[in-house]
Amino acid sequence: QVQLVESGGALVQPGGSLRLSCAADGLTFTFFTYTMGWFRQAPGKARELVATITSGGSTNYADFVKGRFTISRDNPKKTMYLQMNSLKPDDTAVYYCNANRVSGISAREYWGQGTQVTVSS
């Protein structure tokens, strides 16, 4: 069984920084083969993509976080990170960790439970 556990969410003032972590738990989970991503969902809004990082380390960001957020991964630790700088009130949301892999006709996807980020003065 695979579990993704997010941590690092908090209340922070506008302009502040936070670092989110997503730790994968599962002896047979081949973390390094998965594309990992961060998504977020604000109250009353749909879940949206924030950033992804492939197994090879290529990254992709939503326009609204480019230049402010950095996604990274540590494969031996089976952990992914999201460094968030210059936070804005609009960044307030529950942030979710995602792991997905498509191999031939097989697809697997896992989600974490989410961690709350609140940006407010």
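Look up a bit, the structure's there.
A brief report on the enclosed structure follows.

The rules behind the values
- Think of each chain on its own: its residues are numbered from 1, step by step along the sequence as written.
- For a predicted model such as this one, the threshold for reporting local features is a pLDDT of at least 70, and the threshold for listing and counting side-chain atom pairs is 80 or more; totals across whole chains, interfaces and linings nevertheless cover every residue.
- Note that water and hydrogens are dropped before the side-chain values are worked out from all heavy atoms of the structure.
- Geometry of aromatic contacts follows a simple scheme: Phe, Tyr and Trp rings, the Trp one being its six-membered ring, pair when their centres are within 6.5 Å, and the pair is stacked under 30 degrees between planes, edge-to-face over 60, tilted otherwise.
- Exposed residues in this analysis have more than 50% of their type's maximum accessible area, buried residues have under 20%, and partly exposed residues fall in between, with area computed by a 1.4 Å probe over protein chains only.
- A run of H or I in DSSP becomes a helix once it reaches four residues, and a run of E becomes a strand once it reaches two; helices and strands are each numbered from the N terminus.
- By definition here, charges over rings are those cases where NZ of Lys or CZ of Arg is within 6 Å of the ring centre and within 35 degrees of the ring normal.
- As used in this record, nonpolar core signifies buried Ala, Val, Leu, Ile, Met, Phe, Trp, Tyr and Cys residues forming a set joined through side-chain atoms within 4.5 Å.
- Contacts: residue pairs with any heavy atoms within 4.5 Å of one another.
- When a carboxyl oxygen of Asp or Glu lies within 4 Å of a side-chain nitrogen of Lys or Arg, that pair is called a salt bridge.

Quick look at the packing of aromatic side chains now. This model, assessed by the stated rule, comprises five aromatic pairs. On the numbers, 4.6 Å between centres and 50° between planes, the contact of Phe29 with Tyr34 is tilted. Accessibility assignment for this pair places Phe29 and Tyr34 in one class, buried. Where Phe39 meets Trp111, the ring centres are 5.0 Å apart and the plane angle is 65°; that geometry is what we call edge-to-face. With Phe39 in strand S4 (residues 35–41) and Trp111 in strand S10 (residues 106–111), this pair connects stretches of sequence that are 72 residues apart. The class for Trp111 is partly exposed, based on a relative accessible area of 32%. When the ring centre of Tyr81 is taken as reference, the NZ or CZ atom of Arg19 above it lies at 4.0 Å. Directly above the aromatic system of Trp111 lies the positively charged group of Arg47, at a separation of 4.6 Å from the ring centroid.

A word on the nonpolar core. Ranked by internal contacts, the top residues of the largest apolar core, which has 31 residues, are Met36, Trp38, Met80, Leu82, Met84 and Tyr95. Of all the secondary structure elements, the ones that give two or more residues to this core are strand S3 (18–25), S4, strand S5 (48–53), strand S7 (69–74), strand S8 (79–84), strand S9 (93–103) and strand S11 (115–119). Every residue in contact with Tyr95, bar those within four places of it in the chain, is listed here: Glu6, Leu20, Trp38, Phe39, Arg40, Val50, Phe69, Leu82, Met84, Gly114, Thr115 and Val117.

This paragraph deals with the pattern of salt bridges. Two side chains of opposite charge can pair, provided their charged atoms sit close to one another. Per the counting criterion, the structure on display carries four salt bridges. The shortest N-O distance in the salt bridge between Lys66 and Asp63 comes to 3.2 Å. Of the residues examined, Asp63 reaches a relative accessible area of 64% and is grouped as exposed. Salt-bridge contacts for Asp91 lead to Arg68; the nearest nitrogen and oxygen are separated by 2.7 Å. Taken together, the residues Asp91 in the loop between S8 and S9 and Arg68 in the loop between strand S6 (59–61) and S7 connect sequence positions 23 residues apart. On the accessibility criterion, Arg68 (11% relative accessible area) is buried. Each member of the salt-bridge network shares a partner with another, and the members are Arg40, Glu48, Arg68 and Asp91.

Treat this as a map of the structure, not an account of what it does.
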